[in-house]
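The chain contents come next:
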Amino acid sequence: MILAETDPAKARTRARESLAIYLSLPNYCNNWKRLGFTDADFTGGGSDRLVDAVVAWGDDAAIRARLQAHWDAGADHVCIQALGGPGKPIPKPDEELLKRLAPAA
């Protein structure tokens, strides 16, 4: 997931809205546990540590760096889910962000 928001509090609030459904699904939580997260990371809408690991937020450069980290780690494809842009509901993708970052990925 990617989110064009540079304010940490706002970014994490919006990210938590999107992560809520995943935090209720055992298969996602079990995968995160295998990656080193604990039950404490799943409470209160998700810890900052979990949110920051799952959602790449910030300006375009920060998000690009997070996407590049996947390529650098050996990914042969990277799927991005652009969370709703400013003033848009979370389920609506930020199409402008996708246009800016998907070709670069």
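Preceding block: the structure.
Right, let's walk through the structure included here. (Residues numbered from 1 in each chain as written. Predicted model: local features only at pLDDT ≥ 70, side-chain atom pairs only at ≥ 80, totals over all residues. Heavy atoms only, no water.)

**Some points on the nonpolar core**
Then, number 1: Among the nonpolar cores identified, the biggest contains 16 residues, and Leu19, Trp32, Phe42 and Val55 are the most heavily contacted of them.
Then, number 2: Elements represented by at least two residues in this core include exactly helix H1 (8-23), helix H2 (26-34) and helix H3 (48-54).
Then, number 3: Among the elements that line this core, the one with the most residues is H1, at five residues.
Then, number 4: When near neighbours in sequence (up to four residues on either side) are disregarded, leucine 19 contacts Met1, Trp32, Val51, Val54 and Val55. (Core = buried A, V, L, I, M, F, W, Y, C linked by side-chain atoms within 4.5 Å. Buried < 20%, exposed > 50% of the residue type's maximum accessible area, 1.4 Å probe, protein only. Helix = DSSP H or I, 4+ residues; strand = E, 2+ residues; numbered from the N terminus. Contact = heavy atoms within 4.5 Å.)

**Observations concerning the packing of aromatic side chains**
The geometry of an aromatic ring pair comes down to the distance between the two centres and the angle between the two planes.
Then, number 1: Scanning the model with the defined rule gives three aromatic pairs in all.
Then, number 2: On the numbers, 4.7 Å between centres and 65° between planes, the contact of tyrosine 22 with tyrosine 28 is edge-to-face.
Then, number 3: Under the relative-accessibility criterion, tyrosine 22 is labelled buried at 18%.
Then, number 4: Overall, the relative accessible area of 33% leaves tyrosine 28 in the partly exposed class.
Then, number 5: Here the aromatic rings of tyrosine 28 and tryptophan 32 are separated by 6.0 Å at their centres, their planes lie at 50°, and the arrangement is tilted. Linking tyrosine 28 with tryptophan 32, this pair stays in helix H2, spanning four residues, or about one helical turn.
Then, number 6: Aromatic ring contacts, followed pair by pair, group Tyr22, Tyr28, Trp32 and Phe42 into a single cluster. (Phe/Tyr/Trp six-rings, centres within 6.5 Å; stacked < 30°, edge-to-face > 60°.)

**Describing the packing of H1 against H2**
Then, number 1: Contact geometry of H1 with H2 gives a least axis separation of 7 Å together with a crossing angle of 100°. When the axes of H1 and H2 are compared, the pair comes out roughly perpendicular. Touching Leu19, Tyr22 and Leu23 of H1 are Tyr28, Cys29 and Trp32, all from H2.
Then, number 2: For the contact of H1 with H2, a count of residues per class yields six nonpolar, no polar and no charged. (Axes fitted to C-alpha atoms, helices over the stretch in contact; angles between N-to-C directions. Parallel < 35°, antiparallel > 145°, perpendicular 65-115°, else oblique. Nonpolar A, V, L, I, M, F, W, Y, C, P; charged D, E, K, R; others polar.)

**Concerning helix H4 (residues 60-72)**
Then, number 1: In a regular helix each residue adds 1.5 Å, so 13 residues correspond to 18 Å; H4 covers 18 Å between its end C-alpha atoms and thus fits that length.
Then, number 2: Residues of H4 that are buried include every one of Asp60, Ile63 and Leu67, and no others. Here the buried residues of H4 occupy an arc of 70° about the axis, which is enough to place them on one side. Facing away from the buried side of H4 by more than 90 degrees, the exposed set consists of Ala61 and Asp72. (Expected span 1.5 Å × (residues − 1). Arc of directions from axis to C-beta.)

**Comments concerning a nonpolar patch on the surface**
Then, number 1: A cluster of nonpolar side chains, contributed by Ile21, Leu25 and Tyr28, occupies part of the molecular surface with about 250 Å² of accessible area.
Then, number 2: Tracing the backbone through its elements, the reader meets leucine 25 in the loop between H1 and H2. (Patch = residues over 30% accessible without salt bridge, like charges linked within 9 Å, V, L, I, M, F, W, Y side chains within 5 Å. Areas by Shrake-Rupley, 256 points an atom, 1.4 Å probe, with all protein chains shown as cover. Salt bridge = Lys/Arg side-chain N within 4 Å of Asp/Glu carboxyl O.)

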